[in-house]
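Fold and contact review
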Number of protein chains: 2
Amino acid sequence: MKIDQIETPAVLIEADTLDRNLRTMSDYCLGRHLSLRPHTKTHKIPEIAKLQIKYGARGITVAKLAEAEVMADAGIDDIVVVYPIWGESKWNRLTALAKRIRISVAMDSLLIAETISKWASLAEVEVGVRVEFDTGFGRCGLPLEQSSVEIADRIRALPNLRWEGISFYPGQIMGTRAIREKDIEVENRKLDRLYSLLDAAAIPYPVVSGGNTPAALESHRFHGVTEIRPGTYVFNDRNTVDAEAATYADCAATVLATVVSTSVPHRAIIDAGSKMLSGDQLLTGERRHFGYVLGPPGLELEDLSEEHGHLAVPESNSIRLGDRIRVVPNHICPCINLQDRVYLISGEQVLEEWRVAGRGKVN
Amino acid sequence: MKIDQIETPAVLIEADTLDRNLRTMSDYCLGRHLSLRPHTKTHKIPEIAKLQIKYGARGITVAKLAEAEVMADAGIDDIVVVYPIWGESKWNRLTALAKRIRISVAMDSLLIAETISKWASLAEVEVGVRVEFDTGFGRCGLPLEQSSVEIADRIRALPNLRWEGISFYPGQIMGTRAIREKDIEVENRKLDRLYSLLDAAAIPYPVVSGGNTPAALESHRFHGVTEIRPGTYVFNDRNTVDAEAATYADCAATVLATVVSTSVPHRAIIDAGSKMLSGDQLLTGERRHFGYVLGPPGLELEDLSEEHGHLAVPESNSIRLGDRIRVVPNHICPCINLQDRVYLISGEQVLEEWRVAGRGKVN
């Protein structure tokens, strides 16, 4: 099948770009002796998770148990859930997974750790544990203080939990390269403080898991990090370009859309709105526009309705009804999460159709 | 099943509130002699579409052909697609639908009309047509001028198209009641101008289809409107409350979420982020917060990650790990579009589980 036979809107994945992105990250990790445990929330596609493993990822990261189940069903056998797990049915599902695969959980609560320990003991399984610390993003994670280290020590002693180390998510590090430079310095002072607290308490931390996509290729500059969990790097998006962590040539995923209306002057409407691209604004900068239009220059995706993308069209532009354009989404993760399928392409050729098997796995 | 057995996050639909919302709109339309043709993009659930028909809706509105197909499969036999249809496979699907049900399309282009006429002739079917005019939203629709009326006249003469009238979408009318008051005046001047142009050309317009949710119960104040297509009214959301078109007691759909982390001071994290609520900001006003938290007062949904809702928690609040809260989303349409299923509830009882059969039907 050729691309022009695909009904729009549709997500296209450029095979060569995907492959290059996968190689770049895995070569980087190999060169810097970092474990790569990619966050598969970005793609939710088992085929891509398997490519990541093939290219040297040690295992994968997921946000939700239901995503772990999808990936385990596809044969991935080493998964970290970087999300606090709460609820009887979830603890039950977690121990069921632990019977099938090597599974670990990042957690920031003694209560959750004790509960999982109890469930794991009853089920006679082992669940890996990383204690999550908050190094500045202010979302999850224990504060960097003595009492937290005491909690970590108690978690470490719980039965049927396999102590792996610590985890953090530097989500606040997302500016341009120069901004990140300073942010990483701040982060390192926090990490150093955490290590001294842990060392003083004689708590080992074989795994120090950190990393995000904008700063992924600078991960060696974070003190003590042994493992990174970047997600977006497989595809990249307007946010990663904005963060100077990729160029548009590195953006493997685009939304193919058709111009369906040109009746309003200086306006063209494409058949991809927020139900296709997601309504996510840019994370930094002016936060204007809802994606980057490849192709005809000067077109700006000014606004989104649910099914309409509103393009501002300069006078000079000769865009016509039925024209097809490609858009790099602001944020590729929620965009992929809206798709049932994506198309792997090479040039004009469609190589494969992949099901987004982890889509909508919210639990 | 009781609500406390539902795994979170999940969308709950309060049966009584849904019923009241459906009745209110249908009573209003009956009282004002308006045809009700609800836009089902909000719920994408055939069971609700059937309730709308039961309560007197003449037929339904959809945005995409794939949504029409889902609703036709469920037995709905009168559907208007208010979206320009472009592409061979789509024209083919449209005529296939026209063989099964009464289908009409809003369009703003002579080229699309001629093409659909040709396809309908070949397939020996009839497709209803409404010409779309732009009354100020600036998205789709022909401009309010003589040349557009000439296009409408040519469309009216095309074979195998059933002329129904005109259509507009006053999407710009979305402020509070007082703001809307003035906006409707402006809109009426435009509509009057359109009617004089159409009258001068002796073009009949038995259907004048307009309406949106914020102004739905003021539809009788729009000159000449015969049919309205509100969507959000079935559930309502923070946007409709903000527009003084509903209260929180009228919001039938809420997201049930669990507090999964309280480790960061003055912060609680719930298991519903932008992949559950959508990241849509409010349409008007300060545009702050990503939903309205029912229940414990003082909790504000300050930020969303993909799977985390970031609650700001005042000092006084005693929110605890494992607590369940309900959130009214800013915009219910993209939220429902993220769900595979929703739960119909009454008090603490789960009455039914409904599949969101039209979810992800982007084509």
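Below or above, wherever it landed, is the structure these notes cover.

Rules used throughout
- Residues numbered from 1 in each chain as written.
- Chains lettered and ligands numbered in written order.
- Predicted model: local features only at pLDDT ≥ 70, side-chain atom pairs only at ≥ 80, totals over all residues.
- Heavy atoms only, no water.
- Contact = heavy atoms within 4.5 Å.
- Salt bridge = Lys/Arg side-chain N within 4 Å of Asp/Glu carboxyl O.
- Polar contact = N/O pair within 3.5 Å; in protein donor to acceptor, adjacent residues only side chain to side chain.
- Helix = DSSP H or I, 4+ residues; strand = E, 2+ residues; numbered from the N terminus.
- Expected span 1.5 Å × (residues − 1).
- Buried < 20%, exposed > 50% of the residue type's maximum accessible area, 1.4 Å probe, protein only.
- Pairing = 2+ DSSP bridges.
- Axes fitted to C-alpha atoms, helices over the stretch in contact; angles between N-to-C directions.
- Least-squares fit on C-alpha atoms with pLDDT ≥ 70 in both.
- 1 Å grid on protein atoms, 1.4 Å probe; cavity = no way out; pocket = protein on both sides within 12 Å on 5 of 7 lines; lining within 4 Å.
- Points joined across faces, edges and corners; volume = space filled by probe spheres on them.
- Nonpolar A, V, L, I, M, F, W, Y, C, P; charged D, E, K, R; others polar.

**Brief notes about the interface of chain A and chain B**
- Taken together, the contact pairs 57 residues of chain A with 57 residues of chain B.
- One can count 10 salt bridges joining chain A with chain B.
- The salt bridge involving B:Lys64 is made with A:Glu307; its shortest N-O contact spans 3.6 Å.
- Connecting chain A to chain B are 30 residue pairs in polar contact (both at pLDDT 80 or more).
- Those elements that provide at least two residues to the side of chain A that touches chain B are helix H4 (88–100), helix H5 (110–123), strand S10 (253–261), strand S11 (267–270), helix H9 (274–277) and helix H10 (332–336) of chain A.

**Considerations on helix H7 (residues 177–200) of chain A**
Residues and elements named next belong to chain A.
- Along its 24 residues, H7 runs 34 Å from first to last C-alpha, staying within 8% of the 34 Å computed at 1.5 Å per residue.
- Listed as buried for H7 are Arg 180, Ile 184, Glu 187, Asn 188, Leu 191, Leu 194, Tyr 195, Leu 197 and Leu 198.
- The inward-facing, buried residues of H7 abut strand S6 (127–133), helix H6 (146–156), strand S7 (161–168) and strand S8 (207–210).
- Just downstream of H7, Ala 202 is the residue with a positive phi angle, here 55°.

**Description of the sheet that holds strand S5 (residues 102–107) of chain A**
All names here are of chain A.
- Ordered in space as S2-S9-S8-S7-S6-S5-S4-S3, the eight strands form an open sheet in which the pairing is parallel. Both edges of this open sheet fall to strand S2 (35–36) and strand S3 (60–62), since each of them pairs with a single strand only.
- Pairing of S8 with strand S9 (residues 227–228), which is carried by two bridges, proceeds in the parallel orientation. Bridged to Ser 209 within S9 is Glu 227.
- Of the strands in this sheet, S5 and S6 are in contact with H4, which crosses S5 at around 140°.

**A short note on the relation of the copies chain A and chain B**
- Of the transformation superimposing chain A on chain B, the axial component is 0.0 Å and the angular component is 180°, with the fit at an RMSD of 0.0 Å. Look at the turn and shift together and you get a two-fold axis relating the two.
- Here 100% of the contact residues of chain A are again contact residues in chain B; the copies associate through an equivalent surface.

**Remarks on the side chain of A:Asn337**
- Position of A:Asn337 relative to the elements: it lies in the loop between H10 and strand S16 (341–346).
- In this structure the side chain of A:Asn337 is engaged in a polar contact, spanning 3.4 Å, whose partner is the side chain of A:Lys44.
- What A:Asn337 contacts, discounting residues up to four positions off in sequence, is A:Lys44, A:Arg359, A:Gly360, B:Lys275 and B:Leu338.

**Description of empty space enclosed by the protein**
- The full count for this structure, using the stated rule, is four cavities of 30 Å³ or more.
- Looking at the largest cavity, its volume works out to about 120 Å³.
- Along the walls of the largest cavity sit 15 residues, with A:Ser274, A:Ser278, A:Gly279, A:Leu338 and B:Ser278 positioned nearest its centre.
- Taken together, the residues of the lining of the largest cavity sort by class into four nonpolar, eight polar and three charged.

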